[in-house]
Amino acid sequence: MLNIVLFGPPGAGKGTQSERLIDKYGLVHLSTGDIFRSNIKRETELGVLAKSFMNKGQLVPDSVTIDLLRAEVLKHDEPKGFIFDGFPRTNAQAQALDEFLSSIHTSITVMLSLEVDEDELKKRLLNRAGVSGRADDADPDIIDNRIAVYNKETAPVKSFYEKQDKLIAIAGMGSVDEITERLFVSINAI
Ligand code: ADP
């Protein structure tokens, strides 16, 4: 299996690039943010809980997120592989993902980390608010909080995969096509 963690701060382009990668490599896209948003729309119990954290720019608690992710992986029969987008976001999630994948006889192949300047991220998120209608994109204070949470809790996940020799940094500035090409080149070299 080809299991990719597509990593990067909010606004780095994970969702956009995931679409390109699933097309090319026939992978299953698992975005915890998308799953939470779909639950919020359907007003499920999980959605109500997730919303209370997401609207403040905080992380949904690990236990909830990890259980959800495991259940999503198990929904797929003989997949070619997964793109994990927005997960893992903490070291505890990364550890749990390793243990879970090992229990089903697979593992993470690579972490592709999109590197984007903070000023550019803020611009992209505010821009996206216009089309996404996402409350967490529209408010500069919430954006600042999401970036702060990323720097404190999520950025350390890079070292987790670096220690396993699985980290590849990808320049996330430039056009969408240019970034896709960089990702393809890195994946094809695996
Ligand atoms: P972005 O990367 O642009 O912030 P996402 O859609 O990945 O967008 O995530 C939106 C929000 O969903 C996050 O700010 C967080 O509140 C919640 N979320 C998504 N994935 C996770 C996760 N793995 N752990 C905890 N919270 C998460």
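Residue numbering note: each chain is counted from 1, following its sequence as written. With the structure being a predicted model, the display of local features is reserved for residues of pLDDT at least 70 and the display and counting of side-chain atom pairs for 80 or more, all residues being used for whole-chain, interface and lining totals. Just so you know, side-chain values use all the structure's heavy atoms and leave hydrogens and water out.

Attention now goes to the site of the ligand. The environment of the ligand is formed by 20 residues, the closest being Thr32, Arg37, Gln58, Gly86 and Arg128. Between the ligand and valine 60, the relevant distance is 3.0 Å, taken from a nitrogen atom to a main-chain nitrogen or oxygen of the residue. For the ligand, whose unbound accessible area comes to 540 Å², protein coverage reaches 97%. Every helix listed is a DSSP run of H or I at least four residues long, and every strand listed is a run of E at least two residues long, numbered separately from the N terminus. Ranked by residue count, the leading element in the shell around the ligand is helix 2 (residues 32–41), at four residues. All amino acids are sorted into three groups, where Ala, Val, Leu, Ile, Met, Phe, Trp, Tyr, Cys and Pro are nonpolar, Asp, Glu, Lys and Arg are charged, and the leftover types, Gly among them, are polar. Taken together, the residues of the shell around the ligand break down into six nonpolar, seven polar and seven charged. Think of it this way: one heavy atom of a residue within 4 Å of a molecule or strand is enough to make that residue near it. What qualifies as a polar contact is a pair of N or O atoms within 3.5 Å, subject to a donor-acceptor requirement within protein and to the restriction that residues adjacent in sequence count only when both atoms come from side chains. A 1.4 Å probe and the Shrake-Rupley method give the accessible areas. Residues count as covered only by the protein chains that appear here.

To estimate the expected span of a helix, count its residues, drop one, and scale the result by 1.5 Å. Relative to the 18 Å expected for 13 residues at 1.5 Å per residue, helix 10 (residues 176–188) spans 18 Å between its end C-alpha atoms, a close match to the ideal helical length. The classification of residues rests on relative accessible area computed with a 1.4 Å probe and restricted to protein chains. Under 20% of the type maximum is buried, over 50% is exposed, and intermediate values are partly exposed. If you check which residues of helix 10 are buried, you get Ile179, Thr180, Leu183, Phe184, Ser186 and Ile187. Each buried residue of helix 10 sits inside an arc of 165 degrees when the element is viewed along its axis, so together they form one side. Residues Asp177, Val185 and Asn188 are exposed on helix 10 and point more than 90 degrees away from its buried face. Note on contacts: a residue pair is in contact if any heavy atoms of the two residues lie within 4.5 Å. Among the structural elements, strand 1 (4–7), helix 1 (14–25), strand 4 (110–115) and strand 5 (167–171) are those in contact with the buried residues of helix 10. Think of the arc as the fan of directions from the helix axis to the C-beta atoms.

Moving on, we come to the packing of aromatic side chains. What characterises a pair of aromatic rings is the spacing of the ring centres plus the angle enclosed by the ring planes. Two rings belonging to Phe, Tyr or Trp (six-membered ring only in the last case) form a pair when the distance between their centres is within 6.5 Å. Interplanar angles under 30 degrees mark stacking, angles over 60 mark edge-to-face geometry, and anything in between is tilted. Taken as a whole and assessed by the stated rule, the structure comprises four aromatic pairs. With 5.9 Å between their ring centres and 45 degrees between their planes, phenylalanine 7 and tyrosine 150 make a pair best called tilted. Linking phenylalanine 7 in strand 1 with tyrosine 150 in helix 8 (residues 140–154), this pair joins segments that are 143 residues apart in sequence. You can call phenylalanine 7 buried: its relative accessible area is 3%. Two conditions define a charge located above a ring, namely a distance within 6 Å from the ring centre to NZ of Lys or CZ of Arg, and an angle within 35 degrees of the ring normal. In this structure, lysine 24 is placed above the aromatic ring of phenylalanine 184, and the distance from its NZ or CZ to the ring centre is 4.7 Å.

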